[in-house]
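Structural features, examined
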Amino acid sequence: MQRSLYIDADKCTGCLQCEMACSYENEGVFNPAKSRIKVFTFHHEGRFVPYTCTQCDEAWCMAACPVDAITMNRQTGAMEVSEAVCVGCKVCTIACPFGTVNYNQDSGKVIKCDLCGGDPECAKACPTEAITYVDADATGFDKMRAWAAKTDNATAAN
Amino acid sequence: MAWTKKLLRVNLTAGSLSEEALNMEWAADYIGQRGLGTRYLVAETDPKCEPLGADNKLIFATGPLTGTAVSTGGRYSVITKSPLTGAVACSNSGGFIGAELKSAGWDMIIFEGKSPTPVMLHIVNEQAELVSADDLWGKSVWETDRLLHDKYQDPQMRIAAVGRAAEGGCLYAAIINDLHRAAGRSGVGTVMASKNLKAVAVRGTRGVGNIKDAARFMRSVAEQKQVLADNAVTGQGLPKLGTQVLMNVINEIGALPTNNMRAVQFDGAAKISGEAMLEPRASDGKPNLTTNAACFGCTIACGRISTIDKTHFSVQNKPQYWGNSGGLEYEAAWAMGADTGVDDIDAITYTNFICNEDGMDPISFGATVAAAMELFEMGVITTKDTGGMELKFGSAKALTWCADQVAAGAGFGKVLGLGSKRLCEKYGHPELSMTVKGQEFPAYDPRGIQGMGLTYATSNRGACHLRSYTVASEVLGIPEKTDPLATDGKAGLVKAFQDATATVDSLGICVFTTFAWTLDNIAPQVDAACDGDWSVERLLEAGERIWNLERDYNMKAGFTGADDNLPPRLLKEAANSGPAKGKVSGLDVMLPEYYQLRGWSKDGQVTDKVRKQFALPA
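So, how was this worked out
- Residues numbered from 1 in each chain as written.
- Chains lettered and ligands numbered in written order.
- Predicted model: local features only at pLDDT ≥ 70, side-chain atom pairs only at ≥ 80, totals over all residues.
- Heavy atoms only, no water.
- Helix = DSSP H or I, 4+ residues; strand = E, 2+ residues; numbered from the N terminus.
- Buried < 20%, exposed > 50% of the residue type's maximum accessible area, 1.4 Å probe, protein only.
- Contact = heavy atoms within 4.5 Å.
- Lys, Arg positive; Asp, Glu negative; His and termini not counted.
- Charge placed at Lys NZ, Arg CZ, Asp CG, Glu CD.
- Pairing = 2+ DSSP bridges.
- Axes fitted to C-alpha atoms, helices over the stretch in contact; angles between N-to-C directions.
- Core = buried A, V, L, I, M, F, W, Y, C linked by side-chain atoms within 4.5 Å.
- Parallel < 35°, antiparallel > 145°, perpendicular 65-115°, else oblique.
- Left-handed = near helix turned anticlockwise from the far one by under 90°.
- Domains from an automatic or database assignment.
- Salt bridge = Lys/Arg side-chain N within 4 Å of Asp/Glu carboxyl O.
- Polar contact = N/O pair within 3.5 Å; in protein donor to acceptor, adjacent residues only side chain to side chain.
- Nonpolar A, V, L, I, M, F, W, Y, C, P; charged D, E, K, R; others polar.
- Expected span 1.5 Å × (residues − 1).
- Buried area = accessible area lost by both parts, 1.4 Å probe.
- Disulfide = S-S within 2.5 Å.
- Patch = residues over 30% accessible without salt bridge, like charges linked within 9 Å, V, L, I, M, F, W, Y side chains within 5 Å.
- Areas by Shrake-Rupley, 256 points an atom, 1.4 Å probe, with all protein chains shown as cover.
- Phe/Tyr/Trp six-rings, centres within 6.5 Å; stacked < 30°, edge-to-face > 60°.

Turning to the overall build of chain A, a few remarks are in order. Assigned secondary structure in chain A consists of 5 helices and 8 strands. When its helices and strands are written in sequence order, chain A yields β-α-β-β-α-β-β-α-β-β-α-β-α. Burial statistics for chain A: of 158 residues in total, 41% are counted as buried. Considering only residue pairs separated by 6 or more positions, chain A has 53% of its internal contacts joining residues 24 or more positions apart. Distance from the positive charge centre (14 side chains) to the negative charge centre (20 side chains) of chain A: 3 Å.

Shown next, in the form of structure tokens:
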């Protein structure tokens with residue numbers, strides 16, 4: 001079974017535990033600046049939104065890469081960057097419609113979420129379950145359940 | 001390790017910057033943040049120096065755990081000599097700039113001297129420069145933040161700044177970082193402005209590493225995050241209601257100071273409580289609280305993000321205040337609410353916004369307004385002084401007017417900006433100032449919570465709840481329940497809380513973790529991260545050393561045991577209602593025992609024996 005990162009922004013408090021877990025796993029230091037997942041703060045709206053790669057099946061980054069440095073991990077479904085092959089041309093960063101693949105000046109390569117090989121650290125570090133790692137075919141089930149509950153109430157009220 | 005082992009020294013007089021190795025011998029004894037920052041202040045300044053003179057220094061200090069994944073590990077402190085109290089000041093803040101500074105590679109910044117013209121410090125990793133702030137002087141914190149983000153085009157840059165209140169000489173001006181987190185107390189913002197330093201803007205992309213045993217650290221951090229999640233206070237109460245969870249609780253036990261501490265219970269408490277912040281309002285159906293929010297790395301997330309009712313008189317013609325910003329914490333809601341008798345939650349949310357926007361400590365501001373209201377009621381302050389405004393207890397209009405005046409440093413706001421002690425002295429009634437060492441009380445009446453009387457009287461930075469929060473034990477039963485009306489055992493309780501808190505404040509983590517954590521939970525995380533062996537005993541010893549260092553500084557600054565006192569109201573006028581009815585503070589019983597436990601002389605001096613025990617500087 002493949003799983004996907006599922007993000008429920010309403011539960012996010014903006015603590016950046018995910019960014020620290022991600023950067024520690026990938027860079028060996030606590031460094032939000034080098035995290036593959038980012039939490040964006042919309043101050044005046046009072047909202048915090050974690051955002052990262054959704055691992056497109058027909059991935060723009062993979063299609064755009066001229067040296068085939070981005071390949072799919074068949075087990076996890078993650079699009080992974082091979083550091084050894086990447087030449088740092090950044091074409092993938094232009095191709096990605098969501099901006100979730102980015103250049104890393106320190107290494108001269110691009111970085112993106114690789115689902116930590118199937119055990120994503122961000123989801124484990126999140127204290128509020130704003131980031132969970134769930135069945136890829138059922139990411140909408142929680143929302144469906146919530147709406148289903150409301151539908152039942154409406155029926156009962158009639 | 002865990003320290004970057006580097007500090008940035010900024011000589012504002014010369015406009016020069018230099019990098020220095022952190023004194024790791026001192027770090028071994030004083031840890032970081034509050035302790036280590038104070039050690040540097042003690043070494044480098046004369047305790048008798050003029051707080052707003054060029055000889056005072058201003059120190060921004062992180063702790064060894066700042067910027068790591070430990071829960072709440074984003075704290076920094078500002079250490080200096082306070083213009084409000086004349087004592088050592090150490091104001092602790094969360095938000096994100098502390099971790100950013102660490103990630104840029106710096107444990108500490110020491111500002112010395114005074115710049116001839118307004119400047120700001122811009123740090124990008126190892127690059128640091130002083131930049132003219134002529135264009136920022138006279139601007140609020142919020143405007144400064146916006147202008148700097150526009151100028152540098154870096155949305156991730158973290159900013160700490162002073163507002164118009166500090167520039168105008170308000171003695172309880174705060175340094176605000178990340179728009180609504182504050183190094184709030186004792187006028188550290190006033191010192192910053194006195195040096196013509198408007199802002200510090202930081203971008204750090206190096207990250208925090210140097211963890212002694214990273215695998216053990218990550219395991220310990222995960223375990224202790226779970227402890228916070230499983231605890232009723234840190235896992236449920238604080239995320240849901242914030243510190244405002246306390247408003248109704250403290251009112252019920254008769255320890256909610258009201259109307260400049262004339263009363264101990266407030267009829268309007270429920271209307272300004274955490275619960276009230278969740279109630280949908282009539283105008284738009286939205287509650288005051290939009291969401292809770294976390295500081296860097298914090299898995300508790302007690303922060304409040306709120307809006308003001310757009311139809312409320314305070315903002316109806318000011319759309320710039322219609323969005324979300326930092327909402328009410330308990331102390332602020334108490335000072336600007338119960339203590340002034342104002343039960344209008346939109347009015348106090350507005351004044352809270354103003355305190356953040358222009359950098360004022362809401363506790364000192366609210367308590368000073370409360371004192372002014374009492375003097376107004378007595379006819380000592382009149383509309384001639386205020387220019388027409390009637391400063392009546394309970395008047396939301398008067399409160400919001402006061403906030404605008406102090407923020408702008410205008411008119412009667414200049415007088416209110418002096419703080420309660422100087423205000424009451426000016427009008428010939430020093431006994432009405434609810435302060436210790438010149439700093440205003442927070443939100444717990446020492447007649448109904450006896451330990452807090454000793455806490456306030458002996459706090460090294462003037463009246464403060466965060467130096468030994470015995471409310472945890474006396475009200476919440478953490479770590480064990482003690483009787484809030486009893487004085488027995490409180491001297492030992494206060495000392496234990498003071499020492500442990502000094503430790504926590506020096507590590508880079510938030511004292512709110514201690515609702516769930518003891519040093520038994522903290523020590524393994526410190527030990528996994530930091531060079532050397534860090535047992536509970538060593539941490540406690542460091543805490544006691546830090547406490548004595550601060551005390552020694554204050555004594556050298558001219559304080560004596562006579563300053564460990566409370567206003568006569570709390571010692572002579574009994575609580576007039578609730579469970580504490582008939583009680584006064586039993587400070588006279590607790591204080592001698594406290595001195596004894598500290599090993600100090602009968603008049604409260606740090607003895608040579610204690611100085612030697614902790615190897616305090618001469």
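Below, the discussion takes up the sheet that holds strand β6 (residues 108-112) of chain B. Residue and element names in this part refer to chain B. What the 6 strands build is an open sheet, ordered β2-β1-β6-β3-β4-β5; its pairing is mixed. Each edge of the open sheet is held by one strand with a lone partner, namely β2 (16-21) and β5 (88-93). Averaged over neighbouring strand pairs, the angle between their axes works out to 15° when direction is ignored. As defined by bridge partners, strand β1 (residues 6-11) adjoins β6 across 5 bridges and the pair is classed as parallel. Within β6, the residue paired with leucine 7 across the bridge is methionine 108. Across the sheet, helix α2 (residues 33-44) is in contact with β1, β2, β3 (58-62), β4 (76-81), β5 and β6; its angle to β4 comes to roughly 25°.

Time to look at the nonpolar core. Generally speaking, nonpolar side chains in soluble globular proteins are found buried as a group. Residues and elements named next belong to chain B. Counting residues in hydrophobic clusters, the biggest one holds 191 residues, and the most contacted among them are Ile250, Phe365, Leu423 and Tyr444. Ranked by residues supplied to this core, first place goes to helix α12 (residues 362-377) with 9 residues. Discounting chain neighbours no more than four positions away, the residues touching isoleucine 250 are Ala255, Leu256, Tyr330, Ala443, Tyr444, Ile449, Val471 and Val475. Ranked by size, the runner-up nonpolar core spans 30 residues in total, among them Leu12, Ala104, Ala160 and Ala183.

Moving on, we get to the packing of helix α19 (residues 490-507) of chain B against helix α23 (residues 587-598) of chain B. All names here are of chain B. For the pair α19 and α23, the least separation of the axes is 8 Å and the interaxial angle reads 50°. By the angle between their directions, the pair α19 and α23 is classed as oblique. Taken as a pair, α19 and α23 cross one another with a handedness that is right-handed. Counting all contacts with α19, which are made through Lys490, Ala491, Gly492, Val494, Lys495, Gln498 and Asp499, the residues of α23 involved are Met590, Glu593, Tyr594, Leu597 and Arg598.

Residue and element names in this part refer to chain B. Domain parsing of chain B yields domain 1 (6-203), domain 2 (258-433) and domain 3 (453-613). On a C-alpha basis, the centroid separation for the pair domain 1 and domain 2 is 26 Å. Opposite the 33 residues of domain 1 that make contact, domain 2 presents 34 residues. On the surface where domain 1 and domain 2 come into contact, there are 3 salt bridges. Aspartate 358 is the salt-bridge partner of arginine 164, the closest N and O atoms lying 2.8 Å from each other. Here domain 1 and domain 2 share 16 residue pairs in polar contact (both at pLDDT 80 or more) between them. If you list the elements that add at least two residues to the side of domain 1 that touches domain 2, you get α4 (141-152) and α5 (164-167). Residue composition of the side of domain 1 that touches domain 2, by class: 15 nonpolar, 14 polar and 4 charged.

So, about α12 of chain B. An α-helix turns once per 3.6 residues; consequently, residues spaced three or four apart project the same way. Residues and elements named next belong to chain B. The terminal C-alpha atoms of α12 lie 22 Å apart, and with 16 residues this matches the ideal 22 Å at 1.5 Å per residue to within 8%. With 15 of 16 residues buried, α12 lies mostly within the body of the structure. At the N-terminal end of α12, a side-chain oxygen is found 2.9 Å from the backbone nitrogen of isoleucine 363, two or three residues along, and the residue is aspartate 361. One or two positions beyond α12, positive phi appears at glycine 379, with a value near 85°.

A separate point is the environment of valine 526 of chain B. All names here are of chain B. Considering the arrangement of structural elements, one finds valine 526 in helix α20 (residues 519-529). Overall, the relative accessible area of 1% leaves valine 526 in the buried class. For the pair valine 526 and leucine 65, spaced 461 residues apart in sequence, the C-alpha to C-alpha distance is 7.4 Å. When neighbours within four sequence positions are excluded, valine 526 is seen to be in contact with Leu65, Leu507, Trp534 and Leu539.

This part covers the interface of chain B and chain A. Residue-level contacts link 39 residues of chain B with 22 residues of chain A. A combined buried area of about 2100 Å² lies between chain B and chain A, and 58% of that area is made up of carbon and sulfur atoms. Linking chain B with chain A are 0 salt bridges. The tally of links from chain B across to chain A stands at 11 residue pairs in polar contact (both at pLDDT 80 or more). Of all the elements, helix α7 (residues 214-230) of chain B adds the most residues to the side of chain B that touches chain A, at 5 residues. Counted by class, the side of chain B that touches chain A contains 17 nonpolar, 18 polar and 4 charged residues.

This part takes up the state of the cysteines. Scanning the entire structure with this criterion turns up 0 disulfides over all chains. With no disulfide of its own, cysteine 12 of chain A lies 6.5 Å from the sulfur of cysteine 18 of chain A, the closest cysteine sulfur. Residue cysteine 12 of chain A is classed as buried on the basis of its relative accessible area, which comes to 8%. The thiol sulfur of cysteine 170 of chain B is not disulfide-bonded, and the nearest other cysteine sulfur, from cysteine 355 of chain B, lies at 8.8 Å.

Moving on: a nonpolar patch on the surface. There is a patch of nonpolar side chains on the surface, built from Phe40, Phe42, Tyr51, Trp60 and Phe98 of chain A and spanning about 500 Å² of accessible area. Secondary-structure assignment places tryptophan 60 of chain A in helix α2 (residues 60-64).

A few words on the sheet that holds strand β15 (residues 325-326) of chain B. Residue and element names in this part refer to chain B. Pairing within the open sheet is antiparallel, and its 3 strands lie in the order β13-β14-β15. Single-partner strands in this sheet number two, and they are β13 (289-293) and β15. Alignment of strand β14 (residues 303-306) against β15, held across 2 bridges, turns out to be antiparallel. Note that in β15 the partner of serine 306 across the bridge is serine 325. Running over the sheet, helix α8 (residues 232-241) touches β13 and β14 and is turned about 25° from β14.

It is worth spelling out α8 of chain B at this point. Residues and elements named next belong to chain B. Among the residues making up α8, those that are buried are Thr234, Gly237, Leu238, Pro239 and Leu241. Buried residues along α8 sit in contact with α7, β13 and β14. Sitting at the amino-terminal end of α8 is asparagine 231, which places a side-chain oxygen 2.7 Å from the backbone nitrogen of valine 233. Phi turns positive, to about 65°, at glycine 242, one or two residues after α8.

All names here are of chain B. Interaxial distance between α2 and helix α21 (residues 536-557) falls to 10 Å at its minimum, and their mutual angle equals 35°. The way α2 lies across α21 gives a crossing that is left-handed. Here Arg34, Gly35, Thr38, Arg39, Leu41 and Val42 of α2 lie close against α21, whose contacting residues are Ile546, Trp547, Leu549, Glu550 and Tyr553. Residue composition of the contact of α2 with α21, grouped by class: 6 nonpolar, 2 polar and 3 charged.

Before going further, it helps to examine the packing of aromatic side chains. Residues and elements named next belong to chain B. Following the criterion strictly, the structure yields 18 aromatic pairs over all chains and no others. Aromatic side chains tyrosine 321 and tyrosine 350 sit 5.5 Å apart centroid to centroid with 80° between the ring planes, which places their arrangement in the edge-to-face category. With tyrosine 321 in the loop between β14 and β15 and tyrosine 350 in helix α11 (residues 345-358), this residue pair connects regions lying 29 residues apart in the sequence. A residue is classified by how much of its surface remains accessible, and tyrosine 321, at 8% relative accessible area, is buried. The exposure class assigned to tyrosine 350 is buried, which follows from its relative accessible area of 1%.

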